[in-house]
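The lines below spell out each chain.
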Amino acid sequence: MSGILVIAEQRRGELRPVSLELVGAAQSLRRDGEQVAVAVLAQDPARFVPALSVAGVDAIVTVKVPQPEFDPDTFTAAVGALIEARHPDIVLVAHSVDSFGYVAALAAARGYGFATDIFKVERIDGELVATRGGYGQKVSVELDFPGRSTVLLALRANMYKPPDGAATPQVTAFEAPATASRATGKEFVELSAGDDVDMTAAEFILTVGRGIGEEAKVPQFRELADAVGATLGCSRPIADAGWLPKSRQVGQSGKTASACKLYIAMGVSGAIQHLAGMKHVNTIVAVNSDAEASIFTVATYGIVGDVFEIAEELRRHF
Amino acid sequence: MKILVAVKQVAALDEDFEISSDGRDVDPDFLIRDLNEWDDFSLEEAVKIKEASGEPVEVIVASVGPEEVDESLRKCLAKGADRALRVWDDAVRGSDPIAIARILAAVTKREKPDLLFAGVQSSDQAFASTGIATAGLLGWPHGAVVSTLRYTPGAKTAVFRRELEGGLLHEVEIQLPAVLTIQAGINTPRYASLRSIKQAAAKPIEVLTPADLQLANDAVGEAGSLSRVRRMYIPEKGRAQLIEGSPAEQAQKLAAIIREFKGEAA
Amino acid sequence: MSRTDAVTRILFEAFSKAEIRIFYLLGYAAIAIFFYGVYVQIRKYRRGAALRLEGSLWSRLGAMVGSVLSHRTIDRRDPAAGGAHRLIFYGFLLLFAGTSTITLEYDILQPLFGIRFWHGDFYLVFSLVLDVAGVALIGGLIFMMYRRGWMKLPKLNYARPDRVPGDVDFNRPQYRREDWAFLWTLLIIGATGYVLEAARLVWLHDRVDVWDTRWWSPVGALLAEGMRALGMGAHGGGLLRHGLWWFHGLLALVLIALIPFTKVKHIFTSAASLMVRDPLASQRLTRVPDSQEQVGVAKITDFTWKQLLNLDACTKCGRCHEACPARAVGAPLSPRDVILSLREFANATLESGVLPDAAELNVHGKGPGQVAMETLWSCRTCMACVEICPVAVEHIPIIVQLRRKLVEDGAMDPLLTKTLQTIHKTGNSFGESKRKRGSWSKGLPFKVKDARKEPVDVLWFVGDYASFDPRNQKVSQTFAGLLHDAGVDFGILYDGESNAGNDVRRVGEEGLYEVLANANVAALQSATFKTIVTTDPHSYNTIRNEYPDFGGKYEIQHYTSFVKQLFDSGKLRVTNPLKMRATFHDPCHLGRFNKGYEPPRDVLKLLGCELVEMGRSRANSFCCGAGGGRIWIPDPVGAEKPAQNRIREAAAIPGIEVYVVSCPKDLTMFEDALKTTGNEGKFVVKELIELIREAIPAALNTEVA
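Note that the structure is predicted; figures quoted are calculated from it, not measured. (Residues numbered from 1 in each chain as written. Chains lettered and ligands numbered in written order. Predicted model: local features only at pLDDT ≥ 70, side-chain atom pairs only at ≥ 80, totals over all residues. Heavy atoms only, no water.)

**Describing the packing of aromatic side chains**
Then step 1. All told, the structure shown has 36 aromatic pairs over all chains when counted by the stated rule.
Then step 2. Centroid distance A:F204 to B:F261: 5.6 Å. Interplanar angle 65°. Geometry classified as edge-to-face. Highlighted residues: A:F204 in strand 13 (residues 204–208) and B:F261 in helix 6 (residues 247–265), drawn from two different chains. When sorted by exposure, A:F204 lands in the same class as B:F261, which is buried. (Phe/Tyr/Trp six-rings, centres within 6.5 Å; stacked < 30°, edge-to-face > 60°. Helix = DSSP H or I, 4+ residues; strand = E, 2+ residues; numbered from the N terminus. Buried < 20%, exposed > 50% of the residue type's maximum accessible area, 1.4 Å probe, protein only.)

Here you go:
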């Protein structure tokens, strides 16, 4: 059948936003006449149809699965069968924890072209070319898939724009093969946040550095972080001085904020040891009164200004 | 019982690195090698199970790579692994994670462990696929991103929690034998003093070729991979996009960035 | 013979034969108990590991005798205690010599050879000397009682920071009891000696040669006059003398018998400890032989016999407790209590006939006598304890040996673990690429020679912090400029240099230290140079004192003495004298460790600064807190840091303008402390190099833009 097949993601009854980003990526890839289909696997897949009816989606395939949440064996079998039935040229999934749980097994067993954590995908001279990072994101690597009729790609989140506008795609149901699952999903557990905060899990961090001047200023930024919904972090000098617990230190000798996607650094100069922990972050916003501060070379956005003024103004918005 | 731990010696880039002449990799002079950070955790988890167990547990580490990988394997032996295995020959060069998985699957068939551990991903290429691909080739049950594990040697199942986005955990019970990819932070990896690493040099490392594992040349290397490197390049190093305006205007734009981000993670 | 010629004291006068026999029996019994006690102690030491001492036994003996007789080590920082102890020591020594002299004649010379000398003038002078000795003894004892009971000295406070109330060995009342028992026993022996002397005079009042010569025993005579004035007659005197003689004698015999079982043994153990002293104990740690299975100390028997002896030498004087910077900021470490804990442990386990099982000999932990991890990791290896100990206890090698075991077991703060792994991987504690080690020199207007590639006169060993820490990189650039201006032919090793390893060794990671030392020695061996200069006191210490054990023996100076030479030879000349009020902080590894106190002070004076010393300076300098790997271990939040304590000390100097350091870690620690103690703006922290530059403004603009 060819075309592009997108596997949407849902969790606990909510469609995960990355699903629409995948549609946006499919949009950018599609050739004339190429169909984009979105499959959703759930106990009640029909409930996601409205959310998936966005511009660029030609068809929605609902797949009923017995488990309320992700199951590796079920998904491997169901998605595999779907691909066998529809023969898409390209299958797009999210580079997410659920995907980690099955897509590599599927691709390896079936021999699809396969790559993960792709942030750019395009066709060059008719060939599908996917770009990802290499060597700790310090280089970019272009991959191609010679001789593979189906290529399965896991795309990085926050890299593709979801489409604007609605659509009325054709909705069909797909019967997934009965599968004996060898794992049993149980309950979900929320991680509580004590003050023994786990920086490695934080996705949004607001960090203060020496630019805040003195210990007495810390409460202001703690309050700001709470207001914007960020985890408060700090650079090494602050932790060493004891103004914040060492558990909040971000940077080379502190915890690597590996899950961080948005990082606001206030009054952090960007000493090498600090930056070493943050290089992978998608969006870094640096606020510093020193225009020459080295953090501006790695930040996505920079604000040269007085840290306290910016903090006060920002507070007003939340 | 046996736990097989697949480890990788990763490469980090040195300062002022250069792309090699064929444009598809970094000049090896600029690569600094070390044991993959995630594998510290998966090895520690295996050794912890061994130490807490009433019945004997053998922990075997296996890796794919040339002789320099032995240094990392020795570190693993110093940290409590009983035996080490390395697979290599020139045909393996250029393997992607799936080709590596083929080798690991063959090793697993040979060793017949009850559990195969791998790290969630490697710190250099971060494909996050090798462990699960191995499970797919073996046809074994599998679970990824394990942040806590409860297993008693001899039991037929294990209970683990997968670490989802946003600090959520999902508890799962899985049948054995199984492949689990272990997340960083699951435990505190022990320190191997340099003396203990030196003394581990006395323990032998078994070296195999793909042929020893009944693997044809086209199962490994570029031929056995599901992707091919076309080009490797150094991306433009940006300077931050400066947000101009009065403090109020700057703060407003910052607030917008925050809102946009949170629209995601809600 | 004249009458006075015959004057003497008849021993055992008016004692029955039975009494004398009983006394001798008791005497032999006391001596036997004494020797048994000595045997138990020696057996204990022998249960420790073997050790061969360096140097000749005679020179050691001579040095010990010199120390003991001069009381130099007891005088330091507590001249009152030194003076009082001198009185007690010499008093007791003379009295003991006196008794021995009498015994010599009475029991040996006279019965065997018929020689007598204890009579006449000799006897009279003898009596006077001993009376004076007794006064000295009692005077000293009374002062010590006052000192201990009323002066409330902090160092005599036995509260220990490494235990909490409720722990079995938290409160140690037995120490206080023993201290007072010792003082009182000696005092009573001394006092009863005089009363006994007086009683005899009263009893023998009628014997002319005794009574007429009584003033040769002035104290006794005075007391005798008093007793007679109170109406005591010869008969009463005789009774008193007889009874008191037994009391005094028995008490003395008990004291002798109990010497090896009580604090009194310090008479021997302290002297022995002084004799086995290693003046480089902290500066030059020992290697672990490859063949040795056990790394560091796990069991009490892993300590060497010398270390077990050290444990017994301690007199609880508290000087190390007072000097320790970790203790001063409330960390759970007191060097005194590490030693006393281990001593209690050694006594409990090693003094019985049968050695307990290995499992019971483990010294790590929180049980009675054990040493906790937190205690060991609090140490800054600053050497203040070893330096001030009057009896040559060597705390640092003991602590490092214990740490070596902790490192083998991985029992460390995770940040420390990570730093050690980083150092192993990149050769520096910053995790920076080796290739960037020389990058600090890129901004200079001249090229710094690569000592790996061409010969140089001076090889500058830069060190981690001076190579990678931005603040210290500026100091390195300044120093390069100064050397350049002075026309010194110098070079650095660039990537060939690794962390010198001083602190890695003191953390206890001996394996990693060996890797670093071997790498640096190899780099140095392949370079051609005349002398090494370093801006880092830690590197200075290990290259100077420890690298020879790794095949690398070099002439090395810390920059302060090298710069002093440049001034002396006119290669550097001050053109802009600084009229600043400055104080100098002696870095531990330059000052206390290697006695480099004067060159930085000479330089400061040459620069025109007015040098005002802090209270704790030179050998008593107060550590910035970064040593012993502590710069890689987070400090407890809220607690004072040693650097803050020290900055406050400087802030108390009126009109102080600049706090001068000559160590990269000091610069980092004290600049931080300046801010966090709220003293920013009151005075500045400067590296001596920076002050030199200010006093010799760059002629060729060798400053980095």
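Read on, since the account is not over.
**Observations regarding the sheet that holds strand 8 (residues 658–661) of chain C**
Residues and elements named next belong to chain C.
Then step 1. Reading across the sheet, the four strands line up as 7-6-8-9 and stay open at both edges, with parallel pairing between neighbours. In this open sheet, the two edge strands, each paired with only one partner strand, are strand 7 (610–611) and strand 9 (684–687).
Then step 2. Pairing between strand 6 (residues 581–584) and strand 7: two bridges, direction parallel. Residue pairing in the sheet places R581 in a bridge with E610 of strand 7.
Then step 3. Across the sheet, helix 27 (residues 664–676) lies against strand 8 and strand 9, angled at about 170° from strand 9, the strand it touches most. (Pairing = 2+ DSSP bridges. Contact = heavy atoms within 4.5 Å. Axes fitted to C-alpha atoms, helices over the stretch in contact; angles between N-to-C directions.)

**What about the interface of chain A and chain B?**
By a widely used convention, the size of an interface equals the accessible area lost when the partners come together.
Then step 1. The interface of chain A with chain B comprises 84 residues on the first partner and 73 residues on the second.
Then step 2. At the boundary of chain A with chain B, total buried surface from both sides reaches about 7,000 Å², with 59% on carbon and sulfur atoms.
Then step 3. Three residues, A:Y135, A:E142 and A:R182, lead the burial of chain A against chain B; their summed loss comes to 12% of the area buried on that side.
Then step 4. At the boundary of chain A and chain B, one finds five salt bridges.
Then step 5. Measuring nitrogen to oxygen at the nearest pair gives 2.7 Å for the salt bridge that ties B:R228 to A:D144.
Then step 6. At the boundary of chain A and chain B, one finds 28 residue pairs in polar contact (both at pLDDT 80 or more).
Then step 7. If one sorts the elements of the side of chain A that touches chain B by residue count, strand 12 (residues 183–190) of chain A sits on top with eight residues.
Then step 8. Residues belonging to the side of chain A that touches chain B are distributed by class as follows: 40 nonpolar, 22 polar and 22 charged.
Then step 9. Judged from the two bridges that link them, strand 17 (residues 301–304) of chain A and strand 13 (residues 241–242) of chain B form a sheet pairing that is parallel. (Buried area = accessible area lost by both parts, 1.4 Å probe. Salt bridge = Lys/Arg side-chain N within 4 Å of Asp/Glu carboxyl O. Polar contact = N/O pair within 3.5 Å; in protein donor to acceptor, adjacent residues only side chain to side chain. Nonpolar A, V, L, I, M, F, W, Y, C, P; charged D, E, K, R; others polar.)

**Remarks on the pairing of strand 16 (residues 283–288) of chain A**
Residue and element names in this part refer to chain A.
Then step 1. A large share of strand 16 lies buried, amounting to five of its six residues.
Then step 2. By the bridge criterion, five bridges tie strand 15 (residues 262–266) to strand 16 in an arrangement that is parallel. Its bridge partner lying in strand 16, Y263 is registered against I284.
Then step 3. Where strand 16 lies against strand 17, four bridges are found, and the strand directions are parallel. Across the sheet, the residue bridging to V285 is Y301, located in strand 17.

**Observations concerning the domain arrangement of chain C**
Residues and elements named next belong to chain C.
Then step 1. Domain annotation of chain C identifies domain 1 (55–157), domain 2 (190–272), domain 3 (293–412), domain 4 (415–567) and domain 5 (571–700).
Then step 2. Averaged C-alpha coordinates put domain 1 and domain 3 at centres separated by 32 Å.
Then step 3. Contact residues are listed per partner, giving ten residues for domain 1 and eleven residues for domain 3.
Then step 4. Between domain 1 and domain 3 lies a buried interface of about 900 Å² when both sides are counted; carbon and sulfur atoms form 37% of it.
Then step 5. It is R76, R77 and K155 that lose the most area in domain 1 upon contact with domain 3, and together they represent 58% of the buried surface on that side.
Then step 6. On inspection of domain 1 and its partner domain 3, the count reaches three salt bridges.
Then step 7. Its salt-bridge partner being E322, residue K155 comes within 3.6 Å of it at the nearest N-O pair.
Then step 8. The interface formed by domain 1 and domain 3 contains seven residue pairs in polar contact (both at pLDDT 80 or more).
Then step 9. In the side of domain 1 that touches domain 3, the residues fall into four nonpolar, two polar and four charged. (Domains from an automatic or database assignment.)

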